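Coordinates in review
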Amino acid sequence: SSGINAEYGDELVNVMPNSEYVKRGKVDMKNLVKQAVENQYSHIVVLNEDLKKPNSIVVSHLPEGPTATFRLTSVKLKKQLKRHGNATNHRPEVILNNFKTRLGHSVGRMLGSLFHMDPEFRGRNVVTFHNQRDFIFFRRHRYVFKKNAKVGLQELGPRLTLKLRRLQKGTFDTTGGEYEWYHNHKNMDVSRRTFFL
């Protein structure tokens, strides 16, 4: 992994409670999943890169799946954001917005399960997954209380956009795995009015 990918991995670790960043090296996904199950992890998140830029992310719910593969775009690290705040170690609230279809509910539940269901409200941290036209926008903010009882939001970073490519039953298996859904751009990108999430 490149320096930017390691830096991005560190920022994802700061967002997700009880997580750790491990360099994958040349370990293939099946062995990585096997090791994670043996170590009793609940999820595995793999960040892939191309030309030293993160381009996709694989999220697998352990031990039995499902596994989702997302295309990753518009990646901005915390230091690239203007007037960003500094995060605390409190568990964030999770907002899942506009996941309306059956597939959307599955993807939203899987993304939401990366975080504790018991947020620490004292930290005022919020993580948002907003679905708009099958693009999932990820943002992390903190409530800021201003004078006269007004409330604002301060972005903490990182910022990214996800596009679902595949949803597979079970853990990662490219040869024998059964796909619940996969993006076929020849058939699916014909209409701009049809959305899947």
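Figured I'd write up the structure that's included with this text. (Residues numbered from 1 in each chain as written. Predicted model: local features only at pLDDT ≥ 70, side-chain atom pairs only at ≥ 80, totals over all residues. Heavy atoms only, no water.)

1. Digging into the overall build of the chain
- Secondary structure assignment for the chain yields four helices and nine strands.
- What you see in the chain, going N to C, is helices and strands ordered as α-α-β-β-β-β-α-β-β-β-β-β-α.
- The C-alpha atoms of the chain give a radius of gyration of 17 Å, which matches the 16 Å a tight globule of 197 residues would have.
- Along the first, second and third principal axes, the C-alpha atoms of the chain reach 60 × 40 × 35 Å.
- Once local pairs closer than 6 in sequence are excluded, the contacts in the chain between residues at least 24 apart make up 58%.
- The distance from the centre of the 34 positive side-chain charges to the centre of the 18 negative ones in the chain is 10 Å. (Helix = DSSP H or I, 4+ residues; strand = E, 2+ residues; numbered from the N terminus. Rg over C-alpha atoms; globule rule 2.2 N^0.38 Å. Contact = heavy atoms within 4.5 Å. Lys, Arg positive; Asp, Glu negative; His and termini not counted. Charge placed at Lys NZ, Arg CZ, Asp CG, Glu CD.)

2. Remarks on the pattern of salt bridges
- Applying the stated criterion across every chain yields a total of five salt bridges.
- Notably, a salt bridge pairs Lys79 with Glu7, separated by 2.9 Å at the nearest N-O pair. Of this pair, Lys79 sits in the loop between strand E3 (67–76) and strand E4 (93–97) while Glu7 is found in helix H1 (residues 3–15), placing the two residues 72 residues apart along the sequence.
- Among the residues examined, Glu7 registers a relative accessible area of 27% and is labelled partly exposed.
- Residues Asp118 and Arg91 are paired through a salt bridge, measuring 3.4 Å at the closest nitrogen-oxygen approach. Taken together, the residues Asp118 in the loop between helix H3 (102–112) and strand E5 (125–132) and Arg91 in the loop between E3 and E4 connect sequence positions 27 residues apart. (Salt bridge = Lys/Arg side-chain N within 4 Å of Asp/Glu carboxyl O. Buried < 20%, exposed > 50% of the residue type's maximum accessible area, 1.4 Å probe, protein only.)

3. Let's talk about the packing of aromatic side chains
- All chains considered together, the criterion is met by two aromatic pairs.
- Ring centres of Phe115 and Phe129 lie 6.2 Å apart, and the angle between their planes is 55°; this geometry places the pair in the tilted category. One end of the pair, Phe115, is in the loop between H3 and E5; the other, Phe129, is in strand E5, and 14 residues separate them in sequence. Accessibility assignment for this pair places Phe115 and Phe129 in one class, buried.
- Consider the rings of Phe129 and Phe138, whose centres lie 5.2 Å apart with planes at 50°: the pair is tilted.
- Here the aromatic residues Phe115, Phe129 and Phe138 are joined through ring pairs into a cluster of three or more.
- The side chain of Lys163 reaches across the aromatic face of Phe135, ending 4.6 Å from its centre. (Phe/Tyr/Trp six-rings, centres within 6.5 Å; stacked < 30°, edge-to-face > 60°. Lys NZ or Arg CZ within 6 Å of the ring centre and 35° of its normal.)

4. Things to note about the environment of Ala68
- Position of Ala68 among the secondary structure elements: in strand E3.
- As for Ala68 and Thr171, which are separated by 103 residues in sequence, their C-alpha atoms are 9.2 Å apart.

5. A closer look at the nonpolar core
- Phe70, Val107, Phe129, Ile136 and Leu164 are the most contacted members of the largest nonpolar core, which has 28 residues in total.
- Excluding its chain neighbours within four sequence positions, the residues that come into contact with Phe70 are Asn55, Ser56, Ile57, Val59, Val107, Leu111, Ile136, Leu162, Lys163, Leu164 and Arg165.
- Listed in part, the eight residues of the second largest apolar core include Met29, Val33, Ala36 and Ile44. (Core = buried A, V, L, I, M, F, W, Y, C linked by side-chain atoms within 4.5 Å.)

6. Here we look at the pairing of E4
- Here E4 pairs with E5 via five bridges, running parallel. Paired with Leu96 across the bridge in E5 is Phe129.
- Following the chain from E4 across H3 to the adjacent parallel E5, one finds a crossover that is left-handed. (Pairing = 2+ DSSP bridges. Right-handed = clockwise from strand over helix to strand, strands pointing away.)

7. Things to note about helix H2 (residues 29–38)
- Buried within H2 are the following residues: Met29, Leu32, Val33 and Ala36. What you see down the axis of H2 is that its buried residues fit within an arc of 95°, all on one side. More than 90 degrees from the buried face of H2, the exposed residues found are Lys34 and Glu38.
- Residues of H2 that are buried in the fold lie against strand E1 (43–50) and strand E2 (53–61). (Arc of directions from axis to C-beta.)

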